[in-house]
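# Topology and contacts: notes
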Amino acid sequence: MTFGNNGDSVDYAAHMNPDQLAAATAQDGPVLVIAGAGSGKTRTIVFRVAWLIDQGIDPHAILLLTFTRKAAAEMLNRATLLMDGRASMVFGGTFHSVGYSLLRKYSSSIGIDRSFSIMDQRDIIDAIEQARKNLTPSISDLKSFPKAKTLYEILSRSVGSSIQIENIVEDRYPHFMDYTDDIVTVGNTYQDIKRQNNLLDYDDLLTQSVRLLEEDEELRFHISSNWRYLLVDEYQDTNRLQAGMVRMLATGHNNVMAVGDDSQSIYSFRGANFKNIIEFPDIFPGAKIIKLEENYRSTQPILNVTNQIIEVASSGYRKKLFTRQATGPLPLLARPFSEQDQSRIVTRLIMDSIKSGGSLKDIAVLFRAGFHSFELEAELARSGIPFAKYGGFKFVESQHIKDVLAYLKVSNNPRDLISWVRLLKMIPGVGEKTAIRIARNIADDYSSANLEQLQLKAKKQRESLSELFDIFLKVRNETLALPEKIEMVIKHYLPYLQANFDNYPKRLKDLEQLASMGATYPSIAEFLADVALEPPETGLQGESDFSQRITLSTFHSAKGLEWETVIIIWATEGKIPSPMAFNSPEDIEEERRLLYVATTRAKRNLVILAPQTVYDRRLGTIHVDLSRFFEQVSFDSFQRYMV
DNA sequence: CGAGCCTAGCTTTTT
DNA sequence: GCTAGGCTCG
């Protein structure tokens, strides 16, 4: 039973333009949909899901791959509203979460213990730091040797793009070329550490699941005959691994619909390559290509600006966005003197909008990097304007959360040395060295760890250790519900928290929140996986009505979203493009696309703010230019805003 | 080897 | 504002 104009079926033609309709109702076989910004991409996917089910396809045979789980949930939700509950039976998630599910079920066939834990950013850096310290003593002490974080960037880029470490270093990190061999060594040691500790990082979820599908032919056949219709959103942001995973999953049927926009490719730092979308027709011969060029989101004055930003970009699928919403206010461009002035203008614009009947949830302030909004956040707090912040540092990355999660991690995977070290270092008198020694001992033999053998000198330390071990055994074995286990852990952690953090009540609240989050999960493993793969956002402090906040977001986290009013702050050189992109023309082009993504989020009002000065702690107040990406935009595209 | 205290230096973007 | 790293002392 479906809803629709005639009461028996959705009237597809009435809700879509001819191109969207062609995509949504395409017959079997590979299809590439080039969907410009605001061209109804989501709508098309939603209708595609509905149409497939209407054709009698079993919802369980459809796999929807998206960039975030939120995006998948929203699409399936809309599809459910459109037709009926069958749409909610479609499996939707990220590449990483699909990889995780496959490995949880089948990893033993490639020799991976299914109780593996997923490392988050911090774990990865810790492990690489260990690998780094493991080098011939003197090398890691050198100031000029890359830091763990840089090493991770190099290693991960190599994995994601399938390019040798040697070439990555040569191309992008030529100043480290003397150390190429050592970097490779760190990479190998890091692999060893992960294997020994039964840990998988984000990249492993992809590489190992691809390996699983490659090596286990029977499984590959089983999986690809189960999911017979693949829908891949944001295809321009897939990397080689993800493209490979799609190819594996499509074995035998090639029913892949990839949707994306090469002009919005903004994840090259993790190996994404918009060439994937260019090469799609080569990988899937006979692919039908459909372009969606009518924009339903923004007014023509906004498109005038965004088209000028992107049209100088080289290569890609040519497309020209147009809209029928010819009229609307001209985008605003203002150059406040200072960052403080910029924040005051933002506040004033928000107040004005509220006065004229606007709603806070329709306003977003967007910026290149998480920390660009610090000053503004303070100003908004002073003015009493509630906000939710997306992107930047995460709640689960703060130390106290990581500490508590470490207890759960070791109970789930006792071989996780990284987490053991974290826990052991909390014992007074135990530092890095001792912690590693004890952790090795426990990880080798946790079932009957002989605490006496651990040679701790002080009695107090031995007591602390056996207490810690006690908690470990309890969390591991007792048939308590997850929230109770978390409570037990928090109780044990409390003295440490109290002794080490000045703002401990606030952090305790975070921990309570963590415990209540755990309530919705059946097991520790699933809870931990979710926390690593889809971490909750920060800045949602307070419980008040979510719909009554403005949104603060990084450009990246704004992808796929839209607002009536979009305010871009720090539209200056040194912020966008980021100085990190200066040494490579391709990186600069990516920054351009990033600004394009940000500006195309606006439906009716677009405001560009570019302070004239920036405070530098060394140089004092210095002048900064408007971002180079506005150079080619004609001045009469803007309304000038008097400060 | 651990801890405490100080300073410098600093931050892209995310699964 | 915050933490990674350096330095010194016990």
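Here the structure is a predicted model, which means the values were calculated and not measured.

Among the secondary structure elements, Lys485 is positioned in helix α21 (residues 482-500). Looking at Lys485, the relative accessible area reads 10%, which means it is buried. In sequence terms Lys485 and Ile471 are 14 residues apart; their C-alpha atoms lie 9.3 Å from each other. Excluding anything up to four places from it in sequence, Lys485 contacts Val475, Glu478, Leu480 and Ile524.

For the rest of this paragraph, the subject is the protein's contact with DNA strand B. The immediate surroundings of DNA strand B are formed by 30 residues, with Arg368, Gly370, Gly429, Thr434 and Arg617 found nearest. For DNA strand B, the fraction of protein-proximal atoms (within 4 Å) that sit in sugar or phosphate groups is 58%. Within the side chain of Arg270, one N or O atom sits 3.4 Å away from a sugar or linking oxygen of DNA strand B. One of the backbone N or O atoms of Gly429 is found 2.2 Å from a phosphate oxygen in DNA strand B. The biggest single contributor to the surface near DNA strand B is helix α19 (residues 432-444), with 3 residues. Residue composition of the surface near DNA strand B, by class: 11 nonpolar, 13 polar and 6 charged.

What follows is about the environment of Lys361. By secondary structure assignment, the location of Lys361 is in the loop between α15 (339-355) and β10 (363-367). The partly exposed category is assigned to Lys361, whose relative accessible area is 44%. Between the alpha carbons of Lys361 and Glu564 there is a distance of 9.0 Å; along the sequence they are 203 residues apart.

Time to look at the nonpolar core. Counting residues in hydrophobic clusters, the biggest one holds 70 residues, and the most contacted among them are Ile118, Ile128 and Leu249. Dropping the residues within four chain positions of it, Ile128 is found in contact with Ala148, Leu151, Tyr152, Leu155, Val186 and Tyr190. Of all hydrophobic cores here, the second largest spans 44 residues; its members include Val410, Val430, Ile438 and Val475.

The next point concerns the sheet that holds β10. Pairing is parallel in the open sheet, where 7 strands are placed in the order β11-β12-β10-β13-β14-β9-β17. Single-partner strands in this sheet number two, and they are β11 (387-390) and β17 (639-640).

Closest axis-to-axis distance for the helix α7 (residues 148-161)/helix α8 (residues 165-172) pair is 9 Å, and the angle between their directions is 115 degrees. Relative to α8, α7 is oriented so that their crossing is right-handed. Side by side, α7 and α8 meet where Ile154, Leu155, Arg157, Ser158 and Ser161 of the first sit next to Ile165, Ile168, Val169 and Arg172 of the second. A breakdown of the residues in the contact of α7 with α8 according to their chemical character gives 5 nonpolar, 2 polar and 2 charged.

With that settled, the discussion passes to the pattern of salt bridges. Proximity of charged atoms lets side chains of opposite charge pair with each other. Scanning all chains against the criterion turns up 33 salt bridges. Among the salt bridges present, the one from Arg344 reaches Asp341, with a minimum N-O distance of 2.7 Å. Here Arg344 and its partner Asp341 are both found in helix α15, 3 residues apart, which amounts to about one turn of the helix. Across the pair Glu589 and Arg592 runs a salt bridge whose closest N-O atoms are separated by 3.4 Å. Of this pair, Glu589 and Arg592 both sit in helix α24 (residues 585-599), 3 residues apart, which is roughly one turn of the helix. Considered together, Glu589 and Arg592 belong to a single accessibility category, that of buried residues.

Another point: the side chain of Glu234. Note on placement: Glu234 falls in the loop between β6 (229-232) and α12 (240-249). A polar contact is formed between the side chain of Glu234 and the side chain of Lys41, at a distance of 3.2 Å. Side-chain polar atoms of Glu234 contact the side chain of Gln236, separated by 2.8 Å. Beyond its immediate sequence surroundings of up to four residues, Glu234 is in contact with Lys41, Phe67, Val259 and Lys559.

Pairing is parallel across the open sheet formed by 6 strands, whose spatial order is β3-β2-β6-β7-β1-β8. Pairing within the sheet leaves two strands with one partner each, and these edge strands are β3 (91-94) and β8 (288-292). Looking at each pair of strands side by side, their axes are set apart by 15 degrees on average, direction ignored. Pairing between β6 and strand β7 (residues 256-260): 3 bridges, direction parallel. The partner of Leu230 across the bridge, within β7, is Val256. Helix-sheet contacts for helix α5 (residues 95-106) involve β2 (62-66), β3 and β6, and the interaxial angle to β3 is about 110 degrees.

Rules and cut-offs
- Residues numbered from 1 in each chain as written.
- Chains lettered and ligands numbered in written order.
- Predicted model: local features only at pLDDT ≥ 70, side-chain atom pairs only at ≥ 80, totals over all residues.
- Heavy atoms only, no water.
- Helix = DSSP H or I, 4+ residues; strand = E, 2+ residues; numbered from the N terminus.
- Buried < 20%, exposed > 50% of the residue type's maximum accessible area, 1.4 Å probe, protein only.
- Contact = heavy atoms within 4.5 Å.
- Near = heavy atom within 4 Å.
- Polar contact = N/O pair within 3.5 Å; in protein donor to acceptor, adjacent residues only side chain to side chain.
- Nonpolar A, V, L, I, M, F, W, Y, C, P; charged D, E, K, R; others polar.
- Core = buried A, V, L, I, M, F, W, Y, C linked by side-chain atoms within 4.5 Å.
- Pairing = 2+ DSSP bridges.
- Axes fitted to C-alpha atoms, helices over the stretch in contact; angles between N-to-C directions.
- Left-handed = near helix turned anticlockwise from the far one by under 90°.
- Salt bridge = Lys/Arg side-chain N within 4 Å of Asp/Glu carboxyl O.

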